[in-house]
Amino acid sequence: MIRGFRSIRTRLFILLLVSMVSLLSVVSYLYYQRATDQYHDKVTEIAEKNVRQTMQVYDLLLDSYNSLSKSLIGNSDLLRKLREKHEDNPALAIINERAITNILGTLFYSREDIVSIHVFSPSGAVYNYGNYMNTVDPYFSYRDWYTRIKQSDGDMVWLGVFKHSLTDQTVNEPVFAYGRQLYDLTEHKPIGVLLFQVNVQPVISALTNMRLGPNSETFILSEDGRLLASDNLETAAEVPWSIHAEMGTRTPNSLETAMTSAADSGTDIKTDNYSTAKEARELLQTMDNRISAGEVTFENRKQDLVVASKATEVDWTFVSRTPDKDLNVELDQTKHYFVIVVSVLVIVSIAIATFISRTITSPVKRLVQEMRQVEVGNFRGSVQTKSSYEEIDILVASFNQMVLRMDDLINREKETSAREKQAQLQALQSQVNPHFLYNTLDMIYWMLDEQENSRLGSIVLSLSHMFQYSSHWNEDLPTTLGEELEQIRHYLTIIEARLEDRLTADIDVEAEWLDVPMPKMTLQPIIENAVKHGLEPALRPGRLSLHAEVDGQRLHITIADNGVGIEHNALIQLQMALGQETNNATAIASKGRRGIGIANVHHRLVLMHGESYGLTVNSVLGKGTTIKVTLPLPPRA
């Protein structure tokens, strides 16, 4: 097993298979993740759109209901007749009742969705109009809906959806109920309670628009947590008619109170509405702080998606809950499709990996067999094979050529070794000649010193030092600013003698900067250019100054002369040379020690320290030239 795993065919097969399967898995995962995110974004967008559309429909619906009630609370005839009392004249009382009923009937027939309209006076009189003969609950004043309206200040009171009429136990038609108090506009005191019961279908139809799946649940909760409506009529509130008025029981829309009262009286009532309302409130507990009016809030839970929003016109909270099994139908189908596709592609990957590994390793195996023949000294054999891979054919051809030329290569290796030894001897000889020359210069200096020719002796000594310094020139050999300045002084000794004292040099560098490291032969090419091209052509006494100053972690060495300066075009070319790519500088440097110039010095500094360092040149024709060398300062302890 271990030996089989060490074979190139097995490893290549495993490598190809793992690579293809890994790539396939990553691509499939990313695509599936992208599809999942897009699907969730789509669901979120649809849910938000549905919620906003539902709230807009409810805004229009409630506005129409509000306008319906305002047509009565602002009816002066109705308010006047409700104030009139004809206890001593039954005939006038009957006429007054018929007039009020006619007003209610006129409004009733103005819309098709009204089930009934009731007006309850403080005296206990009830005026109503509806699409059925109803018997008004004699204990209506003890009911919760009546108390809610009585406790209001004239604003609309939305009672919600009920399974049957609030005023007649014989009518089992579900209704949506709302009401408000009637006020005497003259004395500003309540004169009755107005109750509307309308068809529940528009309310339920608008609410079902929030559903995202067949198992979705939608609710409307009031500000005090009452369940006002649900898309399932089975969760609507019921009126416990078996609870009598003398017990002080109220008919709640939130059945939590009703259950408590029923339990005290030993009466059973259905708890569907209570359970639904409790669930809806629990959904909002973790979201309540994040729900704001007009904004849609989402809560992705482990088993479902909850969408909630508060209406802007009324203090209602719309809630939609959709289980994951409805949301993930398309995702489950996509997942199943991906499993099938990935399985097929894995099988195809295995077949491809097997084919490729065999076609690659078969010629290699034959090549290995021939190599074993070469190991025992047989250089006459060759591999005869033709594969479908150009690289393997090249490998086989190269092996055959290698075997045929093996003896020739061995001889070439021997010849190369001999030439390397000869090159080493020549390198040693080239080191002897410079030593001989500057030793000879030293001998001439001592002979001049014996003849008391100190001026010529100092020139020869300076030349000897310069030649010794330059003969050991190497870019990798470290040097310091102090050593460079010492070479410049030797150079200036020779130049001052040649120019017959027409040159005055001023070197001003503080001692603390003399140990700053720098590349060898950095300053001398600049001084040499200043003398040769600036000071020698001038007809006036020349002055050359060199001083150093520190700026942060940088050392600026300024070399200035009062020579003839540089022409404008030549200055531009020089400045461009100092800003050119380092590849050109490399070409210059490759010429050796004789090719060292200003541009070469600049690019050596750039290569060593970066673009922030190097040379800058400024010149005025006829007045002189200034060159600034910027070097990094080493960190100090």
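Before any of the text, the structure's been laid out above.
About the cut-offs
- Residues numbered from 1 in each chain as written.
- Predicted model: local features only at pLDDT ≥ 70, side-chain atom pairs only at ≥ 80, totals over all residues.
- Heavy atoms only, no water.
- Pairing = 2+ DSSP bridges.
- Helix = DSSP H or I, 4+ residues; strand = E, 2+ residues; numbered from the N terminus.
- Axes fitted to C-alpha atoms, helices over the stretch in contact; angles between N-to-C directions.
- Buried < 20%, exposed > 50% of the residue type's maximum accessible area, 1.4 Å probe, protein only.
- Expected span 1.5 Å × (residues − 1).
- Arc of directions from axis to C-beta.
- Phe/Tyr/Trp six-rings, centres within 6.5 Å; stacked < 30°, edge-to-face > 60°.

**Points about the sheet that holds strand β12 (residues 503-508)**
Pairing between sheet strands relies on hydrogen bonds along the backbone, with the strands arranged either parallel or antiparallel. In space, the five strands of this open sheet follow the order β12-β14-β15-β17-β16, with mixed pairing throughout. The open sheet has two edge strands with one neighbour each: β12 and β16 (614-620). Averaged over all neighbouring strand pairs, the angle between strand axes comes to 15°, with direction disregarded. Bridge analysis of β16 against strand β17 (residues 624-632) gives seven bridges, and the strand direction is antiparallel. Of the residues in β17, the one forming a bridge with N618 is T626.

**Digging into unusual backbone geometry**
Keep in mind that most residues, glycine aside, have a negative phi and that most peptide bonds are trans. In the Ramachandran plot, H188 falls in the positive-phi region, its phi being about 55° despite a non-glycine side chain. Among the structural elements, H188 can be located in the loop between β4 (175-183) and β5 (190-199).

**Describing the pairing of β4**
With respect to burial, β4 is a largely interior element, eight of its nine residues being buried. As defined by bridge partners, β4 adjoins β5 across nine bridges and the pair is classed as antiparallel. Looking at the pairing, V175 lines up with N199 of β5. The antiparallel pairing of β4 with β5 creates a hairpin that spans six residues between the two strands, and H188 there sits at a positive phi of about 55°.

**So, helix α11 (residues 390-404)**
At 3.6 residues per turn, the α-helix brings residues three or four places apart onto the same side. An ideal rise of 1.5 Å per residue puts 21 Å on 15 residues; α11 measures up with 21 Å between its terminal C-alpha atoms. Along α11, the residues that are buried comprise I392, V396, F399, N400 and V403. Looking down the long axis of α11, one finds its buried residues gathered within 95° of arc, a one-sided arrangement. In α11, those exposed residues whose orientation departs by more than 90 degrees from the buried face are E390, E391 and L404.

**A few points about the packing of aromatic side chains**
What the rule picks out here adds up to 17 aromatic pairs. Look at F120 and Y146: their rings are 6.0 Å apart centre to centre, the planes differ by 85°, and that puts the pair in the edge-to-face class. Of the two residues, F120 sits in strand β1 (residues 114-120) while Y146 sits in helix α5 (residues 144-150), which places them 26 residues apart along the sequence. When the centroid spacing of 5.9 Å and the interplanar angle of 80° are considered together, the rings of W158 and W316 count as edge-to-face. Highlighted residues: W158 in strand β3 (residues 157-162) and W316 in the loop between β9 (304-310) and β10 (317-323), separated in sequence by 158 residues. We classify W316 as buried; its relative accessible area is 5%. Three or more aromatic residues joined by ring pairs form one cluster here, namely Y58, Y65, W158, F176, Y178, F196, W316 and F318.

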